[in-house]
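As a plain string of letters, each chain reads:
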Amino acid sequence: MIALVDCESFYASCERVFDPRLDGRPVVVLSNNDGCVVAMSREAKALDIPMGVPWFQLKGYAQAAGVVARSSNYELYGSLSTRVMEIIGRYAAWQEVYSIDESFIGMHGTVDELTRIGHQIRAEVLQSTGIPVRVGIGRTKTLAKLASRGAKADLSLGGVCHLGSYSPDRLDRIMAGTDVTDLWGVAGRTGKKLAGMSIHTAKDLRDADPKQIRKRFSVVLERTVMELRGLPCLPLEAPRPYKDQLIFSRSFSRPVETAAEMRQVLSIYAQKVSSRLRTQGQVAGVVSAWAMTGHYVTEGRHSAHVSVGLPTETDEPIMLSKAAQMLAPRILHGTRYTRAGVVLTGLRPKTSASPLSLFEPEFEGRRIGETLDGITQKLGPRAIGVGLGGMRGAPVWNMRREMLSKRATTHWDEICEATA
DNA sequence: TCTGGGGTCCTAGGACCC
DNA sequence: TCTGGGGTCCTAGGACCC
């Protein structure tokens, strides 16, 4: 059997761990730039605040209704996630950490045994970290996901739902009451196309002809059909040694319109992403950069892309920053760009085979990257940078985070204080 | 004024090979 | 009119996830 353990309203729950005043109050967490709502506590959901609503639209109502808003504090969430995942891992020989707030584990046992273990996991994670979790158990990942929805919907289950505890009739009724787009792997576009074939519920999809589904859609949806029937098609994945790509992208707090400013943006973003690259011990072979106007503008929409193959794979910030700045000629002067990003692909672990010295880039071997990382770690992210990245103050286009909580688990000077 | 960010997998189609 | 067949690799774009 497979269990999905997922954290309830994870970001909002993290905010509560070190600020118990938030208990029982509606809490929303905002995306970068304090843009829109990306997480809500149960109380906020009860107010029918739509997920994804822009903060500037919600602000007035939120303040009147006593909603507490927080900027997203990924350093805190990442740190608490690591603790939660470690505890969950103690309960299984095989664990897949699927996302910051979800983990699949493999389990053996009777319905009663597994349900009991589910409750134990819940209790221990709550006791040790303050984060409430739900446990959904089924024969496949897709069914475990469905069970997790059940645990959320039916409070009488106490946070643990094992699909094996239902009769076939009851399971049919549950699936018939589940919209097909609420399934894992089925979103809006596929949902629309399925509706055209009179497939509206999870039960409809389970009972559809897999071959037809594969022909009309893809092998991905065919797998969903089989998984709904209890046939595992998606194995628990082992942790990967490294990623296929790394991205650093941000929206600006105000539009960037000049090539000079955009060069600064790209230089800094490239340095940010190169630092992640070094953390993972990888080198990159291809640098891509893009810039675009907002989704919501009606006039003057524009986007620019460029992709550069590097002569030698590298993790050095100077090379990568120069490559990213090759986007500059594609930038239309006077366009109101609202976001940009730098993407590294062609990633390999750094250890294997060093390039012939003839082709070594100018700065290779001088350990510029390592040196910057060391200084940054000691003195903070803006202490040093290459070229346009070495800024005393934050650039004017830098993102907004006006309601940021403390990073209580990763910075000594932000540690939680208790007062009598 | 103000609408997130970081990933994965799959497929189709082009380039290229013999 | 009519222009091989079979294979691999790579990339761009679509769809989805949290």
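For the structure, see preceding data.
In this report, we go over the structure that sits alongside the text.

Reading the values: rules and limits
- Residues numbered from 1 in each chain as written.
- Chains lettered and ligands numbered in written order.
- Predicted model: local features only at pLDDT ≥ 70, side-chain atom pairs only at ≥ 80, totals over all residues.
- Heavy atoms only, no water.
- Near = heavy atom within 4 Å.
- Polar contact = N/O pair within 3.5 Å; in protein donor to acceptor, adjacent residues only side chain to side chain.
- Helix = DSSP H or I, 4+ residues; strand = E, 2+ residues; numbered from the N terminus.
- Nonpolar A, V, L, I, M, F, W, Y, C, P; charged D, E, K, R; others polar.
- Pairing = 2+ DSSP bridges.
- Axes fitted to C-alpha atoms, helices over the stretch in contact; angles between N-to-C directions.
- Contact = heavy atoms within 4.5 Å.
- Expected span 1.5 Å × (residues − 1).
- Left-handed = near helix turned anticlockwise from the far one by under 90°.
- Phe/Tyr/Trp six-rings, centres within 6.5 Å; stacked < 30°, edge-to-face > 60°.
- Buried < 20%, exposed > 50% of the residue type's maximum accessible area, 1.4 Å probe, protein only.
- Salt bridge = Lys/Arg side-chain N within 4 Å of Asp/Glu carboxyl O.
- Core = buried A, V, L, I, M, F, W, Y, C linked by side-chain atoms within 4.5 Å.

This paragraph deals with the protein's contact with DNA strand C. Surrounding DNA strand C, one finds Tyr98, Ser99, Asp101, Glu102, Lys145, Leu183, Trp184, Gly185, Val186, Ala187, Arg189 and Thr190. When atoms of DNA strand C within 4 Å of the protein are sorted by moiety, sugar and phosphate together comprise 100%. Between DNA strand C and Trp184, the relevant distance is 3.3 Å, taken from a sugar or linking oxygen to a side-chain nitrogen or oxygen of the residue. In the environment of DNA strand C, a phosphate oxygen lies 2.2 Å from a nitrogen or oxygen atom belonging to the side chain of Thr190. Broken down by secondary-structure element, the contributors of at least two residues to the surface near DNA strand C are strand S5 (95–99) and helix H8 (188–195). Per-class residue counts for the surface near DNA strand C are five nonpolar, three polar and four charged.

Turning our attention to the sheet that holds strand S8 (residues 160–162). In space, the five strands of this open sheet follow the order S5-S6-S1-S7-S8, with mixed pairing throughout. Here the strands that pair on one side only, and so sit at the sheet edges, are S5 and S8. Put simply, the sheet's adjacent strands are angled 15° from each other on average, direction ignored. On top of the sheet, helix H5 (residues 111–129) reaches strand S1 (2–7), strand S6 (102–106), strand S7 (133–138) and S8; it is set at about 160° to S8, its chief contact. Sheet strands in contact with helix H6 (residues 141–153) are S1, S5, S6, S7 and S8, and its direction is about 135° off that of S7.

Let us now look at helix H12 (residues 259–279). With 21 residues, H12 extends 30 Å from end C-alpha to end C-alpha; this agrees with the ideal 30 Å at 1.5 Å per step. One or two residues past the end of H12 sits Gly281, with phi positive at roughly 70°.

As a packed pair, helix H4 (residues 74–89) and H5 sit with axes 10 Å apart at the nearest point and diverge in direction by 145°. The way H4 lies across H5 gives a crossing that is right-handed. Within the contact between the two elements, H4 uses Arg83, Val84, Ile87 and Ile88 and H5 uses Ile121, Glu124, Val125, Ser128 and Thr129. Residue classes in the contact of H4 with H5 are distributed as five nonpolar, two polar and two charged.

Once that is clear, we can look at the packing of aromatic side chains. According to the stated counting rule, one finds 11 aromatic pairs in the structure shown. Judged by centre distance (6.5 Å) and plane angle (40°), the ring pair of Phe252 and Tyr269 falls under tilted. Residue Phe252 is located in strand S9 (residues 246–256), and its partner Tyr269 is located in helix H12; the two are separated by 17 residues in the primary sequence. Judged on exposure class, the residue Phe252 and its partner Tyr269 are both buried. Here the aromatic rings of Tyr269 and Trp397 are separated by 6.0 Å at their centres, their planes lie at 75°, and the arrangement is edge-to-face. Remark: Trp397 occurs in the segment after helix H14 (368–379) and Tyr269 occurs in helix H12; sequence separation between them is 128 residues. Judged on exposure class, the residue Tyr269 and its partner Trp397 are both buried. Taken together, the aromatic side chains of Phe10, Tyr11, Tyr74 and Tyr77 make up a single cluster linked through ring pairs.

Quick look at the protein's contact with DNA strand B now. Close contacts around DNA strand B come from 21 residues, with Ser31, Asn32, Arg240, Ile247 and Ser249 the closest. Between Ser249 and DNA strand B, the recorded distance is 2.6 Å, taken from a backbone N or O atom to a phosphate oxygen. Within the side chain of Arg276, an N or O atom sits 3.3 Å from a phosphate oxygen of DNA strand B. Looking at the surface near DNA strand B, the elements that each hand over two or more residues are helix H11 (219–228) and S9. Here the surface near DNA strand B gets six residues from one element, more than from any other, and that element is S9. Looking at the surface near DNA strand B, its residues break down into nine nonpolar, five polar and seven charged.

Time to look at the pattern of salt bridges. Proximity of charged atoms lets side chains of opposite charge pair with each other. Counted according to the given criterion, the structure contains 23 salt bridges. Linking Glu75 and Arg407 is a salt bridge whose minimum nitrogen-to-oxygen distance equals 3.5 Å. Taken together, the positions of Glu75 in helix H4 and Arg407 in the segment after H14 put the pair 332 residues apart, joining distant regions of the chain. Given a relative accessible area of 26%, Arg407 falls into the partly exposed group.

By the bridge criterion, three bridges tie strand S2 (residues 27–30) to strand S3 (residues 37–40) in an arrangement that is antiparallel. Looking across to S3, one finds that Leu30 is bridged to Val37. Hairpin connection between S2 and S3: a loop of six residues separates the two successive antiparallel strands, and Asn33 in this loop has a positive phi of roughly 70°.

Membership of the largest hydrophobic core comes to 31 residues, with the highest contact counts inside it found for Phe252, Met262, Tyr269, Val342 and Leu344. If you list the elements that add at least two residues to this core, you get S9, H12, strand S10 (282–292), strand S11 (303–314), helix H13 (317–324) and strand S12 (337–345). Among the elements that make up this core, the one with the highest residue count is H12 (eight residues). If we skip the residues at most four places from it in the chain, Leu344 touches Asp244, Gln245, Leu246, Val273, Ser274, Leu277, Ala284, Val286, Val287 and Leu320. Core analysis: the second largest hydrophobic core is formed by 26 residues, Val29, Leu80, Ile121 and Val125 among them.

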